Amino acid sequence: MEQVRLGIIGIGGMGSNHVRSILEGKVPEIKLTAVADIREDRREWARKELFPDVAIYGEGKELIESGSCDAVLVATPHYLHPELVIYALEHGLHAISEKPAGVYTKQVREMNEVAEKSDRVFAIMFNQRTNCVYRKMHDMIASGELGQIKRVNWIITDWYRTQSYYDAADWKATWDGEGGGVLLNQCPHQLDLIQWLCGMPVRVRAFCHEAKWHDIEVEDDVTAYLEYENGATGVFVTTTADTPGTNRLEITLEMGKLVCENNKLLLYRLSENERTFCKTSKEGFAQPGCTLEEVETDGQNEQHVGVLKAFAARILHGTPLVADGTEGIRGLTLSNAMHLSSWLDQMVEIPFDEELFLQELNKKRATSRKKTASGVVFDTTGTY
């Protein structure tokens, strides 16, 4: 096999973006052979733009059963991600899922169990892991050169969205259609990155404000507090209503502080371990010496294309993925814990009661309103 024959299920904003990347030759080891979408207007778009070179189906499972693909990319509304991945794996196809892995961890855990038993490749579209800045942060923290993490603060508010964005799709920003707001739609990448860099917290207290700034059902403004096993703490702040927004990640460690902002990585490096200095210094107001440097990276940031290249290479050559699909449950665990904390108005331990979360989510779904979509498909290029 020289190329992986790929089918894309869901050709809305993100799905059509992947279509363009492949047709433009950005992923040489992938050939687009099929697409599927339940919406007639998107199938009509495909007939005009892709037919006859690409087969067009109305249902994802029909595409999976067609024999036209070696692998599928699932870019549907979130609730369908685990269902379609499971169906693909059980039918002998490799699978890659758009983020998030799903809406609730119980469902994703079932998907992961199927994946673990399968010999097919399963990946997830955590394209921010290709960013040279985050990769460098990960390597520096994992090496231990900066000591243990003491604190993490992430203000990620450059997700500004207008009302028309939410009105474009009938499933978007509803409990029954999407299962959440900014935590499930915009922030799965950051929730994945914060656990990739810092590990999983052991408890969370969150305040998720629903419909605060938009005419929607779900959260569009979140402030969360995190506690870690070693005593480290964190704050995570996000919204889709701030403009201009901020994207500033600070990780304070025993030997200094990493600051990621404006695509640059700064290191405030201490001359000695802060814990040692605190215990041994005879001066009440003294501080260890500190130097500031901009950390050099390799400059590579392939985003979605990089994830797709790695997915194809894993299938064809057995080389590493950007992110194994089973890792998607970790960031989802964080968003589920934040939702549950806000709904119950209390601190939530991790792991939490998955059945309780599902019960609370289903209460929201039971009163979810039905929307009429505008049908607009926005170009997502440059929005991630």
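Figured I'd write up the structure that's included with this text. Note that the structure is predicted; figures quoted are calculated from it, not measured.

Observations concerning the pairing of strand 1 (residues 4–9)
In step 1: Of all 6 residues in strand 1, 5 are buried, a share of seventy percent or more.
In step 2: Inspection of the sheet shows strand 1 paired to strand 2 (residues 30–36) by 6 bridges, in the parallel sense. When the sheet's bridge partners are listed, Gly7 is paired in strand 2 with Ala34.
In step 3: Once the chain exits strand 1 it traverses helix 1 (residues 13–23) before rejoining the sheet at strand 2, and the crossover so formed is right-handed.
In step 4: Taken together, the 4 bridges between strand 1 and strand 4 (residues 71–74) define a ladder with parallel strand orientation. Of the residues in strand 4, the one forming a bridge with Ile9 is Val74.

Section: the pattern of salt bridges
In step 1: For the structure on display, the rule yields 31 salt bridges.
In step 2: We note a salt bridge from Arg129 to Asp192, for which the minimum N-O separation is 2.8 Å. One end of the pair, Arg129, is in the loop between strand 6 (122–124) and helix 6 (132–143); the other, Asp192, is in helix 8 (residues 188–198), and 63 residues separate them in sequence. You'll find Arg129 and Asp192 in the same group, each marked buried.
In step 3: Lys257 is the salt-bridge partner of Glu250, the closest N and O atoms lying 3.9 Å from each other.
In step 4: What emerges from the salt-bridge pattern is a single network uniting Glu40, Arg43, Glu44 and Arg47.

Description of helix 11 (residues 328–344)
In step 1: For helix 11, which comprises 17 residues, the first-to-last C-alpha distance of 24 Å matches the rise-based estimate of 24 Å (1.5 Å per residue) to within 8%.
In step 2: Looking one or two places after helix 11, you find Asp345, whose phi comes out positive at around 60°.

A short note on the nonpolar core
In step 1: Met137, Phe236, Leu249, Ile251, Leu258, Met338 and Leu361 are the most contacted members of the largest nonpolar core, which totals 58 residues.
In step 2: Looking at this core element by element, the count peaks at 6 residues for helix 6.
In step 3: Residue contacts for Met338: discarding those within four places in its chain leaves Leu183, Leu191, Val204, Ala206, Cys208, Ala224, Leu226 and Phe236.

Details of empty space enclosed by the protein
In step 1: Tallying each qualifying case throughout the model produces 2 cavities of 30 Å³ or more.
In step 2: The volume enclosed by the largest cavity comes to roughly 60 Å³.
In step 3: Taken together, Pro100, Ala101, Phe126, Leu183, Leu184, Pro188, Gly328, Gly331, Leu332 and Ser335 form the lining of the largest cavity.
In step 4: Looking at which element gives the most residues to the lining of the largest cavity, the answer is helix 11, with 4 residues.
In step 5: Tallied by class, residues from the lining of the largest cavity come to 7 nonpolar, 3 polar and no charged.
In step 6: As a volume, the second largest cavity reaches approximately 30 Å³.
In step 7: Lining the second largest cavity are Tyr165, Tyr166, Lys172, Ala173, Glu178, Gly180, Gly181, Val182, Asn185, Gln186 and Val218.
In step 8: Of the residues belonging to the lining of the second largest cavity, the class tally is 5 nonpolar, 4 polar and 2 charged.

Some remarks on the sheet that holds strand 14 (residues 290–294)
In step 1: Strand order in this open sheet of 9 strands is 14-13-12-11-7-10-9-8-15, and the pairing throughout is mixed. Every interior strand has two partners, whereas the edge strands, strand 14 and strand 15 (348–349), have only one.
In step 2: As judged from the 7 bridges shared by strand 7 (residues 149–156) and strand 11 (residues 247–253), these two strands associate in the antiparallel manner. Within the sheet, the bridge partner assigned to Trp154 lies in strand 11 and is Leu249.

Points about the side chain of Ser341
In step 1: Structurally, Ser341 is set in helix 11.
In step 2: Within the local environment of Ser341, its side chain forms a polar contact with the backbone oxygen of Gln346, the two atoms lying 2.7 Å apart.

Focus on the environment of Pro288
In step 1: Among the structural elements, Pro288 can be located in the loop between helix 9 (274–280) and strand 14.
In step 2: Residue class for Pro288 comes out buried when judged on its relative accessible area of 17%.
In step 3: Remark: the alpha-carbon pair of Pro288 and Cys278, spanning 10 residues in sequence, is separated by 8.8 Å.
In step 4: Ignoring anything within four residues of it in the chain, the contact list for Pro288 reads Leu270, Ser271, Glu272 and Phe277.

What about the sheet that holds strand 6?
In step 1: The sheet built from 6 strands is open, its strands ordered 3-2-1-4-5-6 with parallel pairing. The strands lining the two open edges of the sheet, one partner per strand, are strand 3 (55–57) and strand 6. The mean angle between the axes of side-by-side strands here comes to 25°, regardless of whether they run parallel or antiparallel.
In step 2: Sheet strands touched by helix 4 (residues 80–90): strand 1, strand 4, strand 5 (94–97) and strand 6. Its angle to strand 5, the strand with the most contacts, is close to 165°.
In step 3: With respect to the sheet, helix 10 (residues 303–317) is in contact with strand 1, strand 2, strand 4, strand 5 and strand 6, its orientation differing from that of strand 5 by roughly 165°.

Quick word on the packing of helix 5 (residues 105–117) against helix 11
In step 1: As a packed pair, helix 5 and helix 11 sit with axes 10 Å apart at the nearest point and diverge in direction by 170°. Classified by the angle their axes make, helix 5 and helix 11 are roughly antiparallel. Residues Thr105, Val108, Arg109 and Asn112 of helix 5 form the contact with helix 11, whose own contacting residues are Ile329, Leu332, Thr333 and Asn336.

Rules used in this analysis
Once a new chain begins, its residue numbering starts again from 1 and follows that chain's sequence as written. Selection of residues for local features in this predicted model requires a pLDDT of at least 70, selection of side-chain atom pairs for listing and counting requires 80 or more, and totals for whole chains, interfaces and linings are taken over all residues. The side-chain numbers reported here are obtained from all heavy atoms of the structure, hydrogens and water having been left aside. The buried label applies to any residue whose accessible area, calculated with a 1.4 Å probe on protein chains only, is under 20% of its type's maximum; exposed applies above 50%, and partly exposed to all values in between. Each helix is a run of DSSP H or I of at least 4 residues and each strand a run of E of at least 2, with the numbering of both proceeding from the N terminus. For two strands to be treated as a pair, DSSP must find no fewer than two bridges joining them. Note on handedness: a crossover is taken as right-handed if, strands pointing away from the viewer, the path from the first strand over the helix to the second is clockwise. Salt bridges are identified by distance alone: a Lys or Arg side-chain nitrogen within 4 Å of an Asp or Glu carboxyl oxygen. One less than the residue count of a helix, multiplied by 1.5 Å, gives the span that helix is expected to have. For our purposes a nonpolar core is just a set of buried Ala, Val, Leu, Ile, Met, Phe, Trp, Tyr and Cys residues, chained together by side-chain atoms within 4.5 Å. The contact rule is simple, with two residues in contact once any of their heavy atoms fall within 4.5 Å. Residues are called lining when one of their atoms sits within 4 Å of a cavity or pocket point, these points coming from a 1 Å grid over the protein atoms alone, where a cavity is a set in which a 1.4 Å probe fits but cannot get out and a pocket is an open set with protein on both sides within 12 Å along at least five of seven lines. Grid points are joined across faces, edges and corners, and a volume is the space filled by probe spheres set on the points. Amino acids outside the nonpolar list (Ala, Val, Leu, Ile, Met, Phe, Trp, Tyr, Cys, Pro) and the charged list (Asp, Glu, Lys, Arg) are all regarded as polar, and Gly is one of them. For the purposes of these results, a polar contact is taken to be a pair of N or O atoms within 3.5 Å, where, inside protein, one atom must be able to donate a hydrogen and its partner to accept one; residues adjacent in sequence count only when each atom of the pair is a side-chain atom. For every element, the axis is a line fit to its C-alpha atoms; helices are fit only across the contacting stretch, and the angle between N-to-C directions ranges from 0 to 180 degrees. Angle categories are assigned with fixed cut-offs, so that under 35 degrees is roughly parallel, over 145 is roughly antiparallel, 65 to 115 is roughly perpendicular, and the rest are oblique.

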